[in-house]
Amino acid sequence: YALFATRDCATIASAFTVPRALAPVLSGAMGMPPSEAEEIIQVASPIASQIVCTPIHLLALDVYNRPDATKGLSRFATVAKQSASTTLARMGRMAPAYGLGGITNTYLTHKGHDYLHDVAQRKAEDALREETRRQAEEDARQGK
């Protein structure tokens, strides 16, 4: 199960951690806006990660399905035989799921944060107006 966990951690990191870390590098090197660089990496990183993640996935499946296989060469041969086609298939799965899904998630998260910020700011302004109104009424009652 450790191999499956490793594969999952690497995939998640490539989708959510790597784009934020590499966007400034790509932005600086290519002279593009950071948000555009992050979107490019958001799509490319999960796809590229399958070059590493798919062999781990295939090895995990082989260990799970053939627990009694003791020869490392047998496992290596099984992984090597299936690696190219499986990597391409998994790359195809990553683009919509983590790439485009990640971009959509980031967009909606930013919109949600902006909305909540606006709501909080309006409430704070309303509270300040109400406090100012109360103070003016209190001052009027006291003849100030």
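Residues numbered from 1 in each chain as written. Predicted model: local features only at pLDDT ≥ 70, side-chain atom pairs only at ≥ 80, totals over all residues. Heavy atoms only, no water.

Asks: Would you explain the packing of helix H2 (residues 18-30) against helix H3 (residues 34-65) in this entry?
Replies: The relative placement of two packed helices is expressed as an angle between their axes plus a distance between the axes. With their axes 8 Å apart at the nearest point, H2 and H3 run at an angle of 130 degrees to one another. What the angle tells us is that H2 and H3 run oblique. H3 is crossed by H2, and the crossing has right-handed handedness. Judged by residue contacts, Val-18, Pro-19, Arg-20, Leu-22, Ala-23, Leu-26 and Ser-27 of H2 engage Pro-34, Ala-37, Glu-38, Ile-40, Ile-41, Gln-42 and Ser-45 from H3. Looking at the contact of H2 with H3 residue by residue, the class counts come to nine nonpolar, three polar and two charged. (Axes fitted to C-alpha atoms, helices over the stretch in contact; angles between N-to-C directions. Helix = DSSP H or I, 4+ residues; strand = E, 2+ residues; numbered from the N terminus. Parallel < 35°, antiparallel > 145°, perpendicular 65-115°, else oblique. Left-handed = near helix turned anticlockwise from the far one by under 90°. Contact = heavy atoms within 4.5 Å. Nonpolar A, V, L, I, M, F, W, Y, C, P; charged D, E, K, R; others polar.)

Asks: It is not clear to me how the side chain of Thr-11 should be interpreted in this structure. Could you clarify?
Replies: On the secondary structure map, Thr-11 appears in helix H1 (residues 2-16). Taking the relative accessible area as the measure of exposure, Thr-11 reaches 4% and is therefore buried. For Thr-11, the contacting residues outside a window of four places in its chain are Gln-50, Cys-53, Met-94 and Tyr-98. (Buried < 20%, exposed > 50% of the residue type's maximum accessible area, 1.4 Å probe, protein only.)

The values are spatial; any link to function lies outside them.
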